[in-house]
Every structure is written in C-alpha cells, then in structure tokens.
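The primary structure of each chain is shown beneath.
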Amino acid sequence: MTERNGPSYPELDGKVAVITGAARGMGARFAEGLAVRGVAVIAGDINAEAMEATAAAIESSTGGRVIGCRLDVTQPEDHTRLAERAVEQFGRLDYWVNNAGVFPQAPILDITPDQLHATFSVNVDGVLFGAQAAARSIGTGGGSVVNMASLAAFRVRPARGAYGTSKAAVTHLTKFLARELGSTGIRFNAIAPGFVETEMTRWLHDDPAALTAALDTVPLGRMGTTDDILGALLFLLSDSSSYITGTTLTVDGGSSTHS
Ligand SMILES: NC(=O)c1ccc[n+]([C@@H]2O[C@H](COP(=O)([O-])OP(=O)(O)OC[C@H]3O[C@@H](n4cnc5c(N)ncnc54)[C@H](O)[C@@H]3O)[C@@H](O)[C@H]2O)c1
C-alpha cells in the first residue's frame, strides 16, 4: 500500500496511539502508517535501542511524531508508563495496538514449563495488561484497541502448540474485553494474520521446502506483507468499523479455507 493510494482515513489525524513491539516488523510498519496519517505514536519495544532507531527513522521519513520507549509487555507498570506518557505529551490517548509477540516452535511433548510461561507472558498477559492500561487512560470519547492474534489460533499445525494456544487465548480475551468494557465506548478487536513477511517468518526462507508447503496453503499464492495487515489495522481503528467490537479479522490470503 503506498501512502498516497491507501485509504487515508482523515479522522485519524490528530489522534494518539500506543503500539507495542514496534521496533521492527508489523509494529514498525503500523507506527509509520499511523504517523504519516497525523497520529502521534508512543512506540514501545523490549529492544530499546532498536526502538529508538526505528522511531527516529520514521519521524524523519514521515515528518510525523513517534516516540520510542523501552517496554516489556509482561510488566503491567510498563504499559501504565506508556499510557501516562501519551497523555502527558499529547494530552489524549485514542488507540492501542497490542502487537508484541513471540513465536516459539516445539513438538507438543517437548514444550517446557519455561517456554510455555514465556510464550503466554508475552502473547496473552501482555495483551491483557495493554488493554487494561488503554481502558484506564482512553477518555470518554471512545477509542479502539487492536490485539494481534494469528491464523494459528484456528489452524492446527505441528510444533505450534504453545503459540497457537496463546493466540487462541487472544481471540477469546478480545471478546471478554469487548463485552465487559463495551460501556466505555472503546472497541476491542483482533487481527489474525496468516504468513507475513517479517523477521518472525525468516525461517521459512531458510527452508525452501517449508516455504513451498506454506504457500501451497495460501489461495492467493503469496505471503502477506506488512502493508496487507496495516490495511486491516487502519480499518479497525477508523470510524469505518464504528459498530464492530469483539471480533477477529482474519487476513491470510485465504489460508483458513485450506484443509
Ligand atoms: N509474521 C507473521 O507471519 C505473523 C503471523 C501471525 C501473527 N503474527 C503476530 O503479529 C505480531 C507481530 O509479528 P512480527 O512478525 O512483526 O514479529 P517480529 O518478531 O518481527 O516483531 C515482534 C516485536 O515484538 C518485540 N517484543 C518481543 N517480546 C517483547 C516484550 N516482552 N515486550 C515488548 N516487545 C517485545 C520484539 O522485540 C519485536 O520488535 C506478533 O504478535 C505475532 O505473533 C505474526
């Protein structure tokens, strides 16, 4: 999606967003896509050095505002700090994107307690703590929170037991957030991407057989790009989705139709 040809969503201009896991990959593209539309972004990542570099690069390429911060999504107080920073610096908070995630792969009998705990801490606890901070800080004018799930929440592929189960929890948690917090006017939705070109899927390119097998499951015949997912995010943040909450939008080139 070029910024000129993509949907512009003028209502985003002047809003303020927090994005987690934004040093690279989808989170970095989300920060860029929002900054260019006039959204001030507080961008957090556990890799503080990379986050600062990414934020500076986006500010310089877009002319927008992106403040890079260290954030460990497993720590509730880190989320609170970013929410406070947004309100102190920009006077409001409208959007929150729970994007940070980890992708362990292990056969089901090899998953260790430490791996399981680490996976759920980032992928599930991190989403809940982010949503709590967002709900406590977004004003009465409403807002939108988007959680990153995965096609792995619905499709069972070997060695994804911990990851897929954690992402299934994200889709269900999103429904609880929407139900319990609907009266705040904040909408809570999730995106379930299929295979997307980022560092997280670099292993596919190192294994041609795995890449071919993966692409065989995608009716559109290609991996997704970060722009494909940005398009879904903009829709879920914008007024175009004003009556949508508690849902998970699958963005997978049709992979979920594959048996
Ligand atoms: N790439 C895909 O094919 C794909 C498919 C489905 C879902 N997803 C999900 O989309 C999201 C983004 O994926 P990506 O491909 O851009 O991944 P990525 O690995 O490129 O980026 C993830 C970012 O999260 C950060 N992070 C990890 N642990 C963190 C923590 N504890 N606190 C703060 N930041 C932390 C990393 O430093 C990194 O910058 C993830 O939730 C992922 O599970 C990705």
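A few points on the structure. Bear in mind that the values here come from a model prediction, so they are computed numbers and not experimental data. (Residues numbered from 1 in each chain as written. Predicted model: local features only at pLDDT ≥ 70, side-chain atom pairs only at ≥ 80, totals over all residues. Heavy atoms only, no water.)

Right, let's talk about the site of the ligand for a bit. Not every one of the 27 residues close to the ligand is listed here, only the nearest: Arg-24, Asp-45, Asn-99, Tyr-163 and Thr-198. The separation between a nitrogen atom of the ligand and a polar side-chain atom of Asp-72 is 3.1 Å. Relative to its unbound accessible surface of 830 Å², the ligand loses 93% to contact with the protein. Judged by the fraction of its atoms near the pocket grid, the ligand is located in the largest pocket. Counting only elements with at least two residues in the shell around the ligand, the list comes to helix H1 (25-35) and helix H5 (161-181). For the shell around the ligand, the class distribution of residues is 14 nonpolar, eight polar and five charged. (Near = heavy atom within 4 Å. Polar contact = N/O pair within 3.5 Å; in protein donor to acceptor, adjacent residues only side chain to side chain. Areas by Shrake-Rupley, 256 points an atom, 1.4 Å probe, with all protein chains shown as cover. 1 Å grid on protein atoms, 1.4 Å probe; cavity = no way out; pocket = protein on both sides within 12 Å on 5 of 7 lines; lining within 4 Å. Sits in = over half its atoms within 2 Å of the grid points. Helix = DSSP H or I, 4+ residues; strand = E, 2+ residues; numbered from the N terminus. Nonpolar A, V, L, I, M, F, W, Y, C, P; charged D, E, K, R; others polar.)

There is about 850 Å³ of room inside the largest pocket. Forming the boundary of the largest pocket are 40 residues, of which Asn-99, Ala-100, Gly-101, Val-102 and Met-200 lie nearest the centre. Listed by contribution, the elements that provide at least two residues to the lining of the largest pocket are H1, strand S2 (40-45) and H5. The biggest single contributor to the lining of the largest pocket is H1, with three residues. Per-class residue counts for the lining of the largest pocket are 20 nonpolar, 12 polar and eight charged. (Points joined across faces, edges and corners; volume = space filled by probe spheres on them.)

Unusually for a residue other than glycine, Tyr-9 sits at a positive phi of about 45 degrees. Relative to the helices and strands, Tyr-9 resides in the segment before strand S1 (16-20). Residue Tyr-9 is classed as buried on the basis of its relative accessible area of 14%. Notably, Ala-159 is not glycine yet its phi reads approximately 70 degrees, a positive angle. Within the fold, Ala-159 resides in the loop between strand S5 (143-148) and H5. (Buried < 20%, exposed > 50% of the residue type's maximum accessible area, 1.4 Å probe, protein only.)

This part covers the nonpolar core. Generally speaking, a soluble globular protein has its nonpolar side chains buried in company with each other. Counting residues in each nonpolar core, the largest one holds 32 residues, and the members touching the most others are Ile-19, Phe-30, Leu-34, Val-41, Ile-191, Ile-229 and Leu-233. Those elements that provide at least two residues to this core are S1, H1, S2, helix H2 (48-62), strand S4 (95-98), S5 and helix H8 (226-237). If sequence neighbours within four positions are ignored, Phe-30 has contacts with Ile-19, Val-97, Asn-99, Met-148, Ile-229, Leu-230 and Leu-233. Val-16, Val-73, Trp-96 and Ile-138 belong to the second largest nonpolar core, which has 30 residues in total. (Core = buried A, V, L, I, M, F, W, Y, C linked by side-chain atoms within 4.5 Å. Contact = heavy atoms within 4.5 Å.)

Using the criterion set out here, one finds eight salt bridges in the structure. Glu-32 is the partner of Arg-29 in a salt bridge, and the nearest nitrogen-oxygen pair spans 2.9 Å. Placement of both Arg-29 and Glu-32 in helix H1 is noted, with a separation of three residues, approximately one turn of the helix. Accessibility expressed as a relative area gives 11% for Arg-29, which makes it buried. Here Arg-65 and Glu-59 are joined by a salt bridge, their closest N and O atoms 3.2 Å apart. (Salt bridge = Lys/Arg side-chain N within 4 Å of Asp/Glu carboxyl O.)

The next subject is H1. An α-helical segment advances 3.6 residues per turn. Residues three or four places apart therefore align on the same side. The element H1 is extensively covered by neighbouring structure, given that nine of its 11 residues are classed as buried. Along H1, the residues that are buried comprise Met-26, Gly-27, Ala-28, Arg-29, Phe-30, Ala-31, Gly-33, Leu-34 and Ala-35.

This paragraph deals with the packing of aromatic side chains. Ring pairs (aromatic) are described by centroid distance and by the angle formed between their planes. Counted by the stated rule, this structure contains two aromatic pairs. On the basis of an interplanar angle of 80 degrees and a centroid distance of 4.7 Å, the ring pair of Phe-103 and Tyr-163 is categorised as edge-to-face. Pair noted here: Phe-103 is in the loop between S4 and helix H4 (113-137) and Tyr-163 is in helix H5, with a separation of 60 residues, a long-range link. A connected cluster of aromatic rings, assembled from ring pairs, spans Phe-103, Tyr-163 and Trp-203. (Phe/Tyr/Trp six-rings, centres within 6.5 Å; stacked < 30°, edge-to-face > 60°.)

What follows covers helix H3 (residues 76-90). Given a rise of 1.5 Å per residue, 15 residues ought to cover 21 Å, and the 21 Å separating the end C-alpha atoms of H3 matches this to within 8%. Those residues of H3 that fall on the buried side of the exposure criterion are Asp-78, His-79, Leu-82, Ala-83 and Ala-86. Buried residues in H3, looked at end-on, bunch into an arc of 140 degrees, giving them a common side. Contact partners of the buried residues in H3: S1, S2, strand S3 (66-70), S4 and H4. Just beyond H3, the residue with positive phi is Gly-91, at close to 80 degrees. (Expected span 1.5 Å × (residues − 1). Arc of directions from axis to C-beta.)

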